[in-house]
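Residue-level structural notes
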Amino acid sequence: MQNPFDNAMTQLDKVAKIRNFGDEFILRLRQPDRDIRVSIPVKMDDGSLKIFEGYRVEYNNTMGPYKGGIRYHQNTEINEVKALAFWMVLKCSVVGIPMGGGKGGITVNPKELSKGELERLSRGWIQKLSDNLGPNKDVPAPDVNTTPEIMAWMADEFAKITGDKTGAVITGKPVGQGGSLGRDTATAQGGFYAFEALRQELGLDEGCRVAIEGFGNAGANAAVIWDRAGYSVVAISDSKGGIYNPDGLDIAKLTDHKKNTGSVLGFSGGTDITNEELVGVDCDLLIPAAFENTITEANADKIKAKAILELANGPVSPKADEILFQKNIPIVPDILANSGGVTVSYFEWEQNLSGDSWTEKEVFDKLRTMMASSANKISEKAKESQTSLRMGAFIAALDTIKAAL
Ligand code: GLU
């Protein structure tokens, strides 16, 4: 796989050519403030001891406490976490929340662990990093394969170690244990609000055909949200493969099928396709919602969609970005499109610190307003500099951070 941190730095070099931010400012952004690696010993159910590798990258806190999720995946490694932390810095700035950027992870396939092992591993991550974390220092959250339950274990472990019971050290907790209403679906919901604000500019009609790559928190919720809004979800995939129906998939039935069988494959309301075929499926909007580098120079030419919305972080490589720009396929970039997750995380943090609790309507009204105004801002920046929405978003983010610095 292409190194995600190299991709992130290629994007940074590119924006520095479009706008003069000054060499020193760009130089500061080329390295994280801190890059922490820890060993986490876990007693396994069979009595043996296993050591896992964990990470927390604290990239930049000019705008506020470091903020960003924790990823559990067998392929997670430091360059991925560094890239994700860098994108968090820009994401928080684009959407206008007073947070910096960080990211964490553990190299592990969580599906191979029992619930008890998973809990001990999650508490172990906090034990090793508690000195660095805190509501005003560094505030983690969920990411790929990390759930509200894991956030609750972590908040509890932090409270035991430090005595801080506000819960504001970590977001994405279960509702009823300090979590905010709306956080679970916020990434996809925020993406939909950004899409609504930009739809006409993307050249798409209401009710158009959508293909979604990924069936995790972002992808599965996106399917429900676009479907409910009257769009036709024609294809969706998970790690094993995809399913396609040119007349639109029945999302409720497909969700049941996935729950029962563990995959979208074999669903009777569509035809099985490969993950590679999904990228090139005949549709209007393609939503990559899984991992980095799904769209590279190897498959960018196959894309038939008229526009792309990045719910995943870093799904389009810099070379593919160029190819798609030349082909006039606009991309709503990750640092805008998936910023709904961290925005509602920020709402949760505010509620924990103030003791208030907001209704779901309040959460989504505020989210919609923030997503729409950020979408309009990056579109203006892109037009001013005659560049892509991604570069427009980078310009908007970096202008804000530079002014604060
Ligand atoms: N992991 C999510 C992201 O990539 C959410 C981060 C957060 O809520 O802090 O944006």
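The rules we used
Residues numbered from 1 in each chain as written. Predicted model: local features only at pLDDT ≥ 70, side-chain atom pairs only at ≥ 80, totals over all residues. Heavy atoms only, no water. Axes fitted to C-alpha atoms, helices over the stretch in contact; angles between N-to-C directions. Helix = DSSP H or I, 4+ residues; strand = E, 2+ residues; numbered from the N terminus. Parallel < 35°, antiparallel > 145°, perpendicular 65-115°, else oblique. Left-handed = near helix turned anticlockwise from the far one by under 90°. Contact = heavy atoms within 4.5 Å. Nonpolar A, V, L, I, M, F, W, Y, C, P; charged D, E, K, R; others polar. Salt bridge = Lys/Arg side-chain N within 4 Å of Asp/Glu carboxyl O. Buried < 20%, exposed > 50% of the residue type's maximum accessible area, 1.4 Å probe, protein only. Polar contact = N/O pair within 3.5 Å; in protein donor to acceptor, adjacent residues only side chain to side chain.

What follows covers the packing of helix 12 (residues 340-354) against helix 13 (residues 360-384). At a minimum axis separation of 11 Å, helix 12 and helix 13 run at an interaxial angle of 130 degrees. By the criterion of interaxial angle, the relationship of helix 12 to helix 13 is oblique. Like other packed secondary-structure pairs, helix 12 and helix 13 cross with a definite hand, here right-handed. For the pair formed by helix 12 and helix 13, the contact residues are Gly340, Thr343, Val344 and Phe347 on the first element and Val363, Lys366, Leu367, Met370 and Met371 on the second. Taken together, the residues that form the contact of helix 12 with helix 13 break down as 6 nonpolar, 2 polar and 1 charged.

With that settled, the discussion passes to the pattern of salt bridges. Scanning all chains against the criterion turns up 30 salt bridges. One salt bridge connects glutamate 292 with arginine 71, and the closest N-O pair in it is separated by 2.8 Å. Linking glutamate 292 in the loop between strand 10 (285-288) and strand 11 (307-309) with arginine 71 in strand 3 (residues 66-73), this pair joins segments that are 221 residues apart in sequence. Here aspartate 156 and arginine 123 are joined by a salt bridge, their closest N and O atoms 2.9 Å apart. Of this pair, aspartate 156 sits in helix 5 (residues 148-162) while arginine 123 is found in helix 4 (residues 115-129), placing the two residues 33 residues apart along the sequence. Overall, the relative accessible area of 33% leaves aspartate 156 in the partly exposed class.

In this section: the side chain of glutamine 351. In this structure, glutamine 351 sits in helix 12. Of the residues examined, glutamine 351 reaches a relative accessible area of 7% and is grouped as buried. Engagement of the side chain of glutamine 351 in a polar contact is seen with the side chain of serine 180, the distance being 3.0 Å. Here the side chain of glutamine 351 touches tryptophan 358 through a polar contact of 2.9 Å, landing on its backbone nitrogen.

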